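Here are the chains, one letter per residue:
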Amino acid sequence: MGNYGKYPFGSTVTGTLILADPIEACTTIKSLWEGKEYHNIEFPIFVIERGNCKFAFKTMNAQRAGARMVIFVDNIDEYSPRQFGGGDGSPFSHSKFIS
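Residues numbered from 1 in each chain as written. Predicted model: local features only at pLDDT ≥ 70, side-chain atom pairs only at ≥ 80, totals over all residues. Heavy atoms only, no water.

Enquirer: Got a minute to help me understand the nonpolar core in this structure?
Expert: Buried together is how nonpolar side chains tend to be arranged in soluble globular proteins. If you look at the biggest cluster of nonpolar residues, it comprises 13 residues, and the most contacted ones within it are Ala 20, Ile 29, Phe 46, Ile 48, Ala 62, Val 70 and Phe 72. Elements represented by at least two residues in this core include exactly strand E2 (44-49), helix H1 (55-64) and strand E3 (69-73). (Core = buried A, V, L, I, M, F, W, Y, C linked by side-chain atoms within 4.5 Å. Buried < 20%, exposed > 50% of the residue type's maximum accessible area, 1.4 Å probe, protein only. Helix = DSSP H or I, 4+ residues; strand = E, 2+ residues; numbered from the N terminus.)

Here it is, written out as structure tokens:
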């Protein structure tokens, strides 16, 4: 879990997984409001690849695009950090890291 947006231990989250566009989320992500297929999603969870920019920057981009939670996918076969900081303007979107 990131150092921001923590859920209480044992809680359950349900939502709709959406691949971020672009998947690395280092630039502006296509907003949920741009596509008709996403208008009625109550809890959008963006899936984002690790790499090329800070986790907090990616999360802020996802948050601005309408995400309520972010799942980071590790696409690099190496040791990966288990926690990552919020950085400037700590995002409120919840986040997970999957390796």
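On we go from here.
Enquirer: Honestly, the environment of Val 47 in this entry has me stumped. Any pointers?
Expert: Relative to the elements of secondary structure, Val 47 occurs in strand E2. Since its relative accessible area comes to 13%, Val 47 is described here as buried. Separated by 22 residues in the primary sequence, Val 47 and Met 69 place their C-alpha atoms 8.8 Å from one another. Sequence-distant contacts of Val 47, that is, excluding residues within four places in its chain, are made with Leu 17, Ile 18, Leu 19, Ala 20, Ile 23, Ile 71 and Val 73. (Contact = heavy atoms within 4.5 Å.)

Enquirer: When you look at unusual backbone geometry in this model, what are you seeing that I'm missing?
Expert: Keep in mind that most residues, glycine aside, have a negative phi and that most peptide bonds are trans. Following Asp 21, the chain continues to Pro 22 via a peptide bond in cis, the omega torsion being 10 degrees. When you line up the elements, Pro 22 lands in the loop between strand E1 (16-19) and E2. Positive phi outside glycine occurs at Ala 25, with the angle close to 60 degrees. The residue Ala 25 is located in the loop between E1 and E2 in this model. The class of Ala 25 is buried, set by a relative accessible area of 0%. In this structure, Asn 52 is a non-glycine residue whose phi angle is positive, near 75 degrees. With respect to the helices and strands, the residue Asn 52 is situated in the loop between E2 and H1. Since its relative accessible area comes to 67%, Asn 52 is described here as exposed.

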